[in-house]
Amino acid sequence: MSDAGGSDKAEAVIVARNRRPDVLRRLPLGRLIAVLVVLVFPLVARPFQVDMACQIFLACIGSLSLALLTGIAGQISLGHAGLLAAGAFSVAILYQEFHLPFWVTIPVAAVTGALFGFCFGLPSLRLRGLYLAISTLALHFVVVYFGGEYEAMRSYSSGIVIDPPSLFGHALQDGGAWYFVLLLAAALAYLLCRNLLQSSTGRAWCALRTNETVAETLGIPIARYKLLAFVISSSMTAVAGALFAYFRGFVSVEAFSLYLSIQYIAMIIIGGMGSLRGALLGAAFVILMPYGIEGAVLSIPGSDQYAGGIFALIYATFGAVMIGFLMFEPLGLVGIWDRLIAKYSRHRPDRGIEP
Amino acid sequence: MQIAVNIVVLASIYALISCGYVLIYRVSRVLNLAHGELMLLGAYLLLATSSRITPNPIVAILLAALLSVIVGILVYLLLMRKMTGESVLAAVLTTIAFGIFLRGLMTLIWSPQQFDVARLIGIANPALEIIPGARISLMSATLVVVTVIVYAVLFIFLRITRWGMRMRAAGQNPLLAAQRGIELHVVYAIAWCLSTFTGSAAGMLIAMDSRLDTTMVIIGLKAFPAALVGGLDSLLGAIFGSLIIAAAEVWVIQTINPLLADVVPFLVLIAMLLIRPWGLFGTREVLDRV
């Protein structure tokens with residue numbers, strides 16, 4: 001029985017391999033066009049569109065790190081906003097108190113994030129699933145409280161202003177410049193995550209997510225890999241928070257509400273759990289959706305008077321979209337995308353969906 | 001004395017809310033993070049029934065309670081029936097998403113402005129001096145009494161009645177319970193409707209005691225540590241957890257920093273998770289049900 005199954009599988013692999021060159025031949029062209037579009041975009045787009053793209057890149061870093069932790073390693077975190085706040089506030093405090101340049105503050109933010117990740121991860125050694133989610137939620141409130149305390153103590157009642165960082169002698173203020181900086185950061189984050197996934201670390205994380213007990217019997221040191229997942233993910237998140245602080249030039253605890261954590265969770269749900277491409281797609285979707293709704297509502301004539309209610313509409317739509325994906329499309333946008341590719345590509349490759 | 005009264009009132013608020021978390025978790029192992037929003041919905045339903053349907057406050061309250069029970073059943077039938085039994089993550093995330101949806105919808109319908117509910121529906125809320133030197137508002141006193149009644153009824157219901165026993169059985173082992181012919185969907189639906197009923201009762205009373213706006217959700221969220229500290233599947237635990245959280249919060253407000261009040265429940269929660277994650281009265285096995 002097992003022999004027959006094995007040879008079937010081997011055959012399938014061979015068939016798949018034979019198909020691959022065809023796919024490869026088509027792909028580079030698509031990728032080339034994509035790269036060109038991304039590079040030319042800031043030159044032709046309007047400033048607010050460039051700003052939107054910048055937000056997407058920032059969100060990508062955050063969603064990739066959450067995908068790593070929750071989607072790949074299976075550790076639920078509801079405290080993502082707390083970690084972003086940790087990064088942003090490390091920058092704000094270092095800048096305000098010591099006037100340090102960005103090449104000091106961002107690494108410090110990364111280290112702070114790692115430390116916080118360690119603290120967030122400690123409960124995961126004893127707790128699983130639900131309880132872990134709760135402890136990260138609790139830590140979020142604690143971090144945000146201390147941020148608020150700092151603001152109150154130094155009487156920055158409305159927030160902390162940060163001057164744009166200077167790069168090679170000139171200040172990074174222009175949207176186009178930020179576009180490329182954040183694009184680079186997001187690309188680096190993606191490459192880091194992809195390499196981690198293809199290493200033994202990534203495989204250990206997958207094992208951890210699938211079944212902790214089995215992973216342990218396979219000789220994977222669970223505690224170490226759990227903490228590692230928290231440390232790496234939190235460090236990345238804190239860097240995203242730090243970049244956010246510089247990008248906006250302004251830090252305030254109000255920006256890091258529980259709703260932000262939920263938005264990041266929405267990104268990986270909508271994009272597709274456990275998939276890095278999904279995290280990117282989800283980030284773009286979640287950032288663009290409010291603009292889409294706002295545009296749609298305002299395009300209806302006579303809707304100006306309801307403009308105040310748009311944010312409520314965005315909340316409600318958000319919840320509805322998340323529920324829709326959770327219930328009807330757990331694989332997310334990536335799942336839809338792969339199914340479309342499978343449907344319309346000539347060869348109809350295996351229906352299995354790659355993580 | 002005043003401090004003791006404050007603690008009892010706050011503990012009753014938390015206890016009345018947290019029994020909703022406990023009921024659903026105990027019966028179906030789903031953590032309902034939309035409970036705060038459902039509580040808020042109860043308060044808004046009262047606003048709607050009193051302004052649209054009847055000026056009589058008692059009838060309006062009863063009508064709102066009835067509506068909230070219907071909402072609870074609908075939430076189970078339309079949403080959670082599909083998610084119960086799925087992974088912990090998926091179920092919790094669904095409730096979070098539902099909470100966001102509900103909050104948006106409520107803000108859309110009732111606008112984010114603040115309402116003085118007691119005045120709108122015509123109920124006086126005088127401060128009573130029960131013992132010399134300690135004051136309590138009428139609504140707070142009502143809330144304490146309602147909490148005591150709700151817990152007494154729930155204990156009796158779960159201990160003695162047929163459906164109460166079925167609910168406990170379903171919570172202990174859903175497979176065996178189903179094998180014995182217990183209709184799990186009915187049991188879960190009852191849990192959801194009891195939970196939204198108690199939650200919305202809390203929401204209405206809090207809204208009548210102070211004001212009503214969407215920031216009230218935070219009270220619902222702060223009641224959650226109370227449920228967990230006591231043990232997520234223990235009603236008795238919820239009472240003790242509420243007392244502990246309320247005492248800690250009032251003490252911190254009095255002695256250290258009022259700003260810390262919103263964080264204290266979560267600090268207690270973290271401490272509890274590190275020492276005894278299953279809570280004071282919770283069953284330990286829940287930890288292994290991942």
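Everything quoted here is computed from the prediction, not taken from an experiment. (Residues numbered from 1 in each chain as written. Chains lettered and ligands numbered in written order. Predicted model: local features only at pLDDT ≥ 70, side-chain atom pairs only at ≥ 80, totals over all residues. Heavy atoms only, no water.)

Caption draft 1: Quick look at the overall build of chain A. A count of helical and extended segments in chain A gives 13 helices and 4 strands. Residues counted as buried form 50% of the 355 residues belonging to chain A. Contacts in chain A between residues far apart in sequence, at least 24 positions, make up 78% of those at least 6 positions apart. (Helix = DSSP H or I, 4+ residues; strand = E, 2+ residues; numbered from the N terminus. Buried < 20%, exposed > 50% of the residue type's maximum accessible area, 1.4 Å probe, protein only. Contact = heavy atoms within 4.5 Å.)

Caption draft 2: Spotlight on the side chain of S275 of chain A. All names here are of chain A. When you line up the elements, S275 lands in the loop between α10 (258-271) and α11 (276-299). S275 sits in the buried class, given a relative accessible area of 5%. Polar side-chain contacts of S275 include one of 2.9 Å to the backbone nitrogen of G278. (Polar contact = N/O pair within 3.5 Å; in protein donor to acceptor, adjacent residues only side chain to side chain.)

Caption draft 3: Inspection of the interface of chain B and chain A at higher detail. Taken together, the contact pairs 45 residues of chain B with 37 residues of chain A. Counting across the interface, chain B meets chain A through 0 salt bridges. Taken together, the links from chain B to chain A amount to 1 residue pair in polar contact (both at pLDDT 80 or more). Mapped by element, the contributors of at least two residues to the side of chain B that touches chain A are α3 (57-83), α4 (88-110), α10 (217-230) and α12 (264-275) of chain B. If one sorts the elements of the side of chain B that touches chain A by residue count, α4 of chain B sits on top with 16 residues. (Salt bridge = Lys/Arg side-chain N within 4 Å of Asp/Glu carboxyl O.)

Caption draft 4: Focus on the pairing of strand β2 (residues 134-137) of chain B. Residue and element names in this part refer to chain B. Pairing of strand β1 (residues 127-131) with β2, which is carried by 4 bridges, proceeds in the antiparallel orientation. Residue L128 lies in a different strand from β2, and its bridge partner there is I136. The antiparallel pairing of β1 with β2 creates a hairpin that spans 2 residues between the two strands, and G133 there sits at a positive phi of about 90°. (Pairing = 2+ DSSP bridges.)

Caption draft 5: Seen up close, empty space enclosed by the protein. Applying the stated criterion to the full structure yields 3 cavities of 30 Å³ or more. Of the voids in this model, the largest cavity is the one considered here, and its volume is about 180 Å³. Considering the residues around the largest cavity, the lining is formed by 17 residues, among which L258 and I262 of chain A together with L33, I96 and L221 of chain B are closest to the centre. Of all the secondary-structure elements, those providing two or more residues to the lining of the largest cavity are α10 of chain A together with α2 (35-53), α4 and α10 of chain B. In this structure, the second largest cavity encloses a volume near 40 Å³. Taken together, 10 residues form the lining of the second largest cavity, with I76 and A133 of chain A together with V88, L89 and V92 of chain B sitting closest to its centre. (1 Å grid on protein atoms, 1.4 Å probe; cavity = no way out; pocket = protein on both sides within 12 Å on 5 of 7 lines; lining within 4 Å. Points joined across faces, edges and corners; volume = space filled by probe spheres on them.)

Caption draft 6: Geometry of the environment of A152 of chain A. Residues and elements named next belong to chain A. Residue position: A152 is located in helix α5 (residues 129-153). Note on A152: relative accessible area 45%, which makes it partly exposed. Residues A152 and S299, 147 residues apart in the sequence, show an inter-C-alpha distance of 41 Å.

Caption draft 7: Expanded view of the packing of α10 of chain B against helix α11 (residues 235-255) of chain B. All names here are of chain B. Close contact between α10 and α11 brings their axes to 7 Å; oriented N to C, the two are set at 125°. Compared by their axis directions, α10 and α11 come out oblique. As for how α10 packs across α11, the hand of that crossing is right-handed. The residues of α11 that touch α10, namely those facing K222, P225, A226, V229 and G230, are G237, A238, G241, S242, I244, I245 and E249. Within the contact of α10 with α11, the residues separate by chemical class into 6 nonpolar, 4 polar and 2 charged. (Axes fitted to C-alpha atoms, helices over the stretch in contact; angles between N-to-C directions. Parallel < 35°, antiparallel > 145°, perpendicular 65-115°, else oblique. Left-handed = near helix turned anticlockwise from the far one by under 90°. Nonpolar A, V, L, I, M, F, W, Y, C, P; charged D, E, K, R; others polar.)

Caption draft 8: Quick look at the layout of surface pockets. In this structure, the second largest pocket spans a volume of roughly 1,000 Å³. Along the walls of the second largest pocket sit 33 residues, with F141, S257 and L258 of chain A together with I218 and D262 of chain B positioned nearest its centre. Here the element with the most residues in the lining of the second largest pocket is α5 of chain A; it accounts for 8 residues. Along the lines of polarity and charge, the residues of the lining of the second largest pocket split into 20 nonpolar, 8 polar and 5 charged.

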